[in-house]
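# Overview (structure and organization)
Here is what each chain is made of, one letter per residue.
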Amino acid sequence: MRITLWVLISWVLCDSVYGAVIQANVTTRPAVVNVGGIIAFNSVIGKVAKIAIEAALHDVNSSPDVLPGTKLQISMLDSNYSGFLGIVEAMQFMEAETVAIIGPQSSVIAHVISYIANELEVPLLSFAATDPTLTSLQYPFFVRTTQSDLFQMAAIADIVDYYGWTEVIAVYIDDDYGRNGIVSLGDKLAEKRCRIAYKAALNPQPTREDIMDVLVNVFLSESRILVLHIYNTYGLEVLNVAKYLGMMESGFVWIATNWLSDILDTKVTLPVNASDDIQGLITLRMYTPDSKLKSNFVSRWSNLTREDGHGSFGLNTFGLYAYDSVWILARALDEYFGQGGNISFSKDIRLSEVQGGNLHLNAMSIFDGGQKLLDNILQINTTGITGQIQFDSDHNLIRPAYEIINVIGNGYRRIGYWSNYSGLSVKPPETFYSKPFNRSSSTAQLYGVIWPGQTTDKPRGWVFPNNGRHLRIGVPNRVSYREFVAYSPATDTFSGYCIDVFTAAVNLLPYPVPHKLMPFGDGHNNPSCTSLIEAMNQGEYDAAIGDIAITTNRTRMADFTQPYIESGLVIVAPVRAMKSNAWAFMKPFTPMMWCVTAIFFLIVGAVVWVLEHRSNEEFRGPPRRQIVTILWFSFSTMFFAHKENTVSSLGRLVLIIWLFVVLIINSSYTASLTSMLTVQQLTSPVKGIQSLMASTDPIGYQQGSFAKNYLMEEFHIPQSRLIPLNSADEYTNALNRGPRGGGVAAVVDERAYIELFLATRCEFTIVGQEFTKNGWGFAFPRDSPLAVDMSTAILRLSENGELQRIHDKWLMSSACSSQGSTLEVDRLELKSFWGLFLVCGIACLVALLIYFVHMVRQFITHYPYEGELSSERSSMSARLKTFLLFADEKEEDVLRRSKRRQLDKDSNAGSMSGGSTMMNGSRSSTLGMNSTRSVDSNYVV
């Protein structure tokens, strides 16, 4: 009873204390909290936001769950698109003890008044300023309550990459909003290996003439992918001018940022001409998931606009974010007051020091609780009509997402979604949040699009600049090997294999390529193709064609097409016919190979003799006979003519393996010798690149070829050894003179040239292996879409046989008369057979080991009977002598004697059992042992 009473008293006391605390908190809350609002009332966004803010204010003040006992009061002022008025209005709010400002609507104004907010510590909650740079550390009191353009530009970059385009043109307003948005677009495109080819900046308040001038330059550009990042005030005017210039026809792609979706959502109907101007466009709209809160607010919208008295208009996404901005501030203030915060201001000392004038700057005060209120805003975690409201570490709303819309007819069609969590998809973003993060382009998906010009075919995305200028194509003005490229100054025309391939490929393109071939070089020396590509990069040419080898250094400067001919560096050197001699039969093997083979013949013969000696009569006899047997058996196996039979299993195993080795050696020797004696052999002092590196002789190369740098960089050959040659005749003269006559030992050049050179010059040939693998291609500036289309055309030429026909037309020449000759056949070296010898050696070693173990076991078994006769035999020398005698003894005799000893032992054991027969058994045993000793002493081979 006493315990119950104590608990009751405690509960009453705690309840009283808690009620007092709550009452104290409520009583410390102000009756009214002043909040400012800076909006352009007559704009598409402003008129929607004004009604949404008023509706949110009503809902907050009517809710018992937020700011109990406190009324939120929002004073909205019209900035009228003016940055100056925005500054003035912000200063007016600061004089009225305002704790926060909702707005501004414009990114430009936000940049300016953020400095005021930073100084006076008043948070700015903007529902429409989307400039990505506003969330930087420079503006700590700026809070964006909508999506940043950083994510919108990421979505556009993903769309560009999804359709395989690489370049876009950005048309934008030249202010903070436009410039910073396009900078973000460039960064996101770079992540996809795409780029902005041309930036077309518009005056912040452009006239139709200004727009016309900008779009004419755009029309003359190459890219046909246009990103329009502009205010909705001028967006439709820009599209109307584009329509007038014919930029809404097939082949163009227009991607508008969310300003166009705001117009489509806000205006119930568009004028007919405006609707025609936007057909086929793609635009983005900030995605807000469906919810009961959102549907309730949308259903109220028509009544809210009617009450406002400004006519009926639609609700755009900025209106939804404006509504949520009020709730974000209200909940943050409620938390602020719940933490004991109050509304107090203090003078700014720096403003008090400013003297003179009638600006009344000292009337503006610092909000003492501004930082704490800002922290509460950034820590908010709630659900609004736009979905989950929460800020990340960069002060951006989490889970940014956009709808991708295709404008069709009088309406539009959603072709997919984008989010920074799942990328492009045809499913709503919230369906992926429960799955692992995936932004892979391989899973991206969008529905079909009807593009400008009412076509469903994906536009190529680029055309040749429509400025009347032909494509300038640089072509090497070659002096030698004019079968590949030949320039005629009299007619200013080109011909040759490379020219025909280029012309055939261009003819396969689905669009015309106006071009002009321009010679590169002085016509006296072969030009460097690397210099030609450098000139292209400097803008002198738009492309480069000809006999241009695709090398690593050149691919860093240009994009190449698919190779249309294979070519690599080879070595050509003078050759002479080899004369046969009396010792030609020794040439198939190197000296080392001959020595090792002979040694193995002897080794195998010895091993077989050891394995067969104790069991095979053919391998026994006097020492001289056994030596002859070993030599005869060894070398007769070369011709499989050995007559000795092998009876032991180990001997047969070794012999089988050795005969296989002999078979391989004989076959190789026969083939090599046959080739040497029946085919004309050519020899050259140069064997390949290794012999050139080891020597100090001069080396020739084609003037202008990449071979010079390659030999210097890869093989470290001094430049003093490299001699430039300019024609096939110079090749011939230099090779004939040789290094001692002022010529060269060899010439290093590409195989395509060398094959033409050797077609009529039989005294030279290619030596060694081709030591590079590359090909020839056409060069274009980096990221040029023409390179991809030309590669496709070259593949088609290869598939339909046209490439081979062009090759046969220019490069098929009669071969020289030495076609059937070959270079000196390489001698067979030990490295080609060491595996066989290794297997054979291991087999011999294993067989000997097994044989030795078996023989030792036999010796241990039979030795004690012999060792008991004399103490002298117990010494090491005696034991070794006994073992050698045992090893030389025929195994059959050992077994026979062992059997006889066993019988004598059994007989002696029987005699010991009788009394009178014991002495007879002993005598018999003695006689048997003497007999055995007599046999041992008389058995010598």
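Here's a quick rundown of the structure.

Reading guide: rules and limits
Residues numbered from 1 in each chain as written. Predicted model: local features only at pLDDT ≥ 70, side-chain atom pairs only at ≥ 80, totals over all residues. Heavy atoms only, no water. Helix = DSSP H or I, 4+ residues; strand = E, 2+ residues; numbered from the N terminus. Contact = heavy atoms within 4.5 Å. Areas by Shrake-Rupley, 256 points an atom, 1.4 Å probe, with all protein chains shown as cover. Core = buried A, V, L, I, M, F, W, Y, C linked by side-chain atoms within 4.5 Å. Buried < 20%, exposed > 50% of the residue type's maximum accessible area, 1.4 Å probe, protein only. Phe/Tyr/Trp six-rings, centres within 6.5 Å; stacked < 30°, edge-to-face > 60°. Lys NZ or Arg CZ within 6 Å of the ring centre and 35° of its normal.

What the chain contains, in helices and strands, is 30 helices and 34 strands. Considering only residue pairs separated by 6 or more positions, the chain has 73% of its internal contacts joining residues 24 or more positions apart. Carbon and sulfur atoms provide 56% of the accessible area of the chain, an area that totals close to 45600 Å².

To continue, consider the nonpolar core. Formed by 108 residues in total, the largest nonpolar core has its most connected members in Leu72, Phe127 and Phe297. It is helix α12 (residues 317-338) that contributes the most residues to this core, 14 residues altogether. Those residues within four positions of Leu72 in sequence are excluded, and the remaining contacts are Val33, Val35, Leu57, Val60, Asn61, Leu67, Val326, Ala330 and Leu333. Counting 75 residues, the second largest nonpolar core, distinct from the first, contains Ile717, Ala728, Tyr731 and Trp776.

Right, let's talk about the environment of Ile408 for a bit. Among the secondary structure elements, Ile408 is positioned in strand β15 (residues 401-408). Judged by relative accessible area, which is 27%, Ile408 ranks as partly exposed. Along the chain, Ile408 and Pro452 lie 44 residues apart, while their C-alpha atoms are 9.6 Å from each other.

Two numbers describe a pair of aromatic rings. These are the distance of the centres and the angle of the planes. Inspection of the entire model under this criterion finds 36 aromatic pairs. With a centroid separation of 4.9 Å and an interplanar angle of 75°, the aromatic rings of Phe484 and Trp776 are classed as edge-to-face. On the criterion of sequence distance, the pair formed by Phe484 in the loop between β18 (471-476) and β19 (486-488) and Trp776 in strand β32 (residues 774-776) is long-range, its members being 292 residues apart. The same class applies to Phe484 as to Trp776, namely buried. Each ring, one from Tyr497 and one from Tyr564, has its centre 6.0 Å from the other, and the planes form 50°; the classification is tilted. Placement of the pair is Tyr497 in helix α15 (residues 497-507) and Tyr564 in the loop between β23 (559-560) and β24 (565-567), with a sequence separation of 67 residues. Each member of the pair Tyr497 and Tyr564 is classed as buried. Among the aromatic residues, those joined into a cluster by ring pairs are Tyr481, Phe484, Tyr497, Phe502, Tyr564, Tyr731, Tyr753, Phe757, Phe764, Trp776 and Phe778. Note that Lys47 overlies the ring of Phe313, its terminal NZ or CZ placed 4.9 Å from the centroid.

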